[in-house]
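# Observations on chain architecture
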Amino acid sequence: MSHKVSPSLLSADFSHLADEIEMLNRSEADWIHLDIMDGVFVPNISFGFPVLRHVAALAAKPLDVHLMIVEPQKFIPEVKALGAMQMTVHYEACVHLHRVIGAIKEAGMKAGVTLNPATPVSLLSDVIGEVDLVLLMGVNPGFGGQKFIEHTLVKVRELRELVERSGSCALVEVDGGVNLETGRRLVAEGADVLVAGNAVFSAQNPLEAIHQLKNL
Ligand code: DX5
Ligand code: ZN
């Protein structure tokens, strides 16, 4: 099965958000990646639910929601109300990760867990059978357009092995620093989903950039 591409709206032109979403609807993107930040878990704030409700109303692709916030379980109803396909929380933000994964699935969404660059893949061994997706950060979260951390490739390989070994159905997604060059290497190591912000929205032709990321 070919890999999926999930463009991150964080790098879009927010003064023309409807046009940007319309472009994604027409593109070969599989999902739309939405980055929610709180200025506490990460040193930045992006957009919140009043904005996301408008995004969700216009988006014609499944919403891949990435929460970079403390206590993400508090917002399960809000994410569900957006009609999101998937809600991904940070391992580092959940004291009771197993409970949070259960609550997301109970709400009828796919449950994802994400790891910061310094968090080892091995810490997921006891929950890998419960999650639908693992998101590996290729940069320290908080900002688009950062340089890819090379060690992420090793983590993709380790995660692929853990998924195969445990018989888990979890998809392997990578977020941060993804471009045509790093994307090609990530897919070769076993990534199922590529998130890309800067590589899509800073391109001369974002539709073509998405096409190229789909056809690595
Ligand atoms: C980073 C966000 C990413 C970000 C990726 O904190 O989680 O989704 O938008 O941006 P690029 O692709 O520009 O590294
Ligand atoms: Zn993200």
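See the structure above.
The notes below deal with the structure included here. Counting starts from 1 at the beginning of each chain's written sequence and moves along it residue by residue. Working convention: letters from A go to chains and numbers from 1 go to ligands, in the order in which they are written. Restriction of local features to residues with pLDDT of at least 70 applies here, the model being predicted, together with a cutoff of 80 or more for giving and counting side-chain atom pairs; totals for whole chains, interfaces and linings are based on all residues. Remark: hydrogens and water are excluded; side-chain values derive from all non-hydrogen atoms of the structure.

A few words on the side chain of S168. Only runs of H or I of at least four residues qualify as helices and only runs of E of at least two qualify as strands under DSSP, and these elements are numbered from the N terminus. Relative to the elements of secondary structure, S168 occurs in the loop between α5 (152–166) and β7 (171–175). Buried residues are those whose accessible area, probed at 1.4 Å on protein chains only, stays under 20% of the maximum for their type, while exposed residues exceed 50% and partly exposed ones sit between those limits. Classification of S168 by relative accessible area gives buried; the value is 12%. Contact partners of S168, with chain neighbours within four places excluded, come to I128, G129, V131 and V163. Here, residues are in contact when the closest pair of their heavy atoms is within 4.5 Å.

A word on the sheet that holds strand β8 (residues 193–196). Criterion used throughout: strands pair if DSSP finds at least two bridges between them. In space, the eight strands of this open sheet follow the order β1-β8-β7-β6-β5-β4-β3-β2, with parallel pairing throughout. Every other strand in the sheet has two partners, leaving β1 (4–7) and β2 (32–37) as the edge strands with one partner each. Taken pair by pair, the neighbouring strands of this sheet meet at an average axis angle of 25°, ignoring direction. Bridging between strand β6 (residues 133–137) and β7 involves five bridges; their strand directions are parallel. Each bridged residue has a counterpart across the sheet, and for M137 the counterpart in β7 is D175. Angles here are taken between N-to-C directions and fall from 0 to 180 degrees, while the axes themselves are lines fitted to C-alpha atoms, restricted in helices to the stretch in contact.

Turning our attention to unusual backbone geometry. The phi dihedral of E71 is positive, around 50°, even though this residue is not glycine. Judged by its relative accessible area of 37%, E71 is partly exposed.

Right, let's talk about the packing of helix α1 (residues 17–26) against helix α8 (residues 206–214) for a bit. At a closest axis distance of 10 Å, the pairing of α1 and α8 adopts a crossing angle of 40°. Taken together, the axes of α1 and α8 lie oblique to each other. In the crossing of α1 with α8, the sense of the turn from one axis to the other is right-handed. Along the contact surface, α1 presents M23, L24 and R26, while α8 presents P206, L207 and I210. Looking at side-chain class alone, the contact of α1 with α8 contains five nonpolar, no polar and one charged residues. These descriptions rest on fixed angle ranges, namely under 35 degrees for roughly parallel, over 145 for roughly antiparallel, 65 to 115 for roughly perpendicular, and the rest for oblique. Crossings are classed by handedness, with left-handed meaning an anticlockwise turn of the near helix from the far one by less than a right angle and right-handed meaning a clockwise turn. In the scheme used here, Gly and all other residues not listed as nonpolar or charged are polar, with Ala, Val, Leu, Ile, Met, Phe, Trp, Tyr, Cys and Pro taken as nonpolar and Asp, Glu, Lys and Arg as charged.

Now for the packing of aromatic side chains. The geometry of an aromatic ring pair is captured by the separation of the ring centres together with the interplanar angle, meaning the angle of the planes. When two rings of Phe, Tyr or Trp (its six-membered ring) have centres within 6.5 Å they constitute a pair, described as stacked for plane angles under 30 degrees, edge-to-face for angles over 60, and tilted for the intermediate range. Taken as a whole, this structure holds two aromatic pairs when the rule is applied. Considering the side-chain rings of F49 and F75, the 5.7 Å spacing of their centres and the 15° angle between planes classify their relative orientation as stacked. Highlighted residues: F49 in helix α2 (residues 49–58) and F75 in the loop between β3 (63–68) and α3 (76–81), separated in sequence by 26 residues. Take F49: its relative accessible area is 10%, and that puts it in the buried class.

Time to look at the coordination of the zinc ion (ligand 2). H33 (NE2), D35 (OD), H66 (ND1) and D175 (OD) make up the full set of protein donors to the zinc ion (ligand 2), lying at 2.0 to 2.3 Å. Coordination geometry of the zinc ion (ligand 2): the six donor atoms subtend angles of 68 to 166° at the metal centre, consistent with an arrangement described as octahedral. Sites may look incomplete, because water is not among the atoms used; the donor set itself consists of N, O and S atoms within 2.8 Å of the metal (3.2 Å for Na, K and Ca). Read N to C, the donor residues that coordinate the zinc ion (ligand 2) are spaced as H-x1-D-x30-H-x108-D. One end of the pair, H66, is in strand β3; the other, D175, is in strand β7, and 109 residues separate them in sequence. The geometry test gives tetrahedral to four donors whose angles all lie between 85 and 135 degrees, gives square planar to four donors and octahedral to six donors whose opposite members are over 155 degrees apart with all other angles between 65 and 115, and gives irregular to the rest.

A separate point is the site of ligand 1. It suffices for a single heavy atom of a residue to lie within 4 Å of a molecule or strand for the residue to be listed as near it. Every one of the 19 residues lining ligand 1 counts as a neighbour, but D35, G142, G145, D175 and G197 are closest to it. Here an oxygen atom of ligand 1 sits 3.3 Å away from a polar atom, N or O, in the side chain of H66. Surface burial for ligand 1 is 99%, taken as the share of its 380 Å² of free accessible area covered by protein chains. Sorting the residues of the shell around ligand 1 by element identifies β2, β3 and β8 as the ones contributing at least two each. Among the residues making up the shell around ligand 1, the classes are represented as seven nonpolar, ten polar and two charged. What qualifies as a polar contact is a pair of N or O atoms within 3.5 Å, subject to a donor-acceptor requirement within protein and to the restriction that residues adjacent in sequence count only when both atoms come from side chains. Residue-level accessible areas treat just the shown protein chains as cover; the underlying method is Shrake-Rupley with a 1.4 Å probe.

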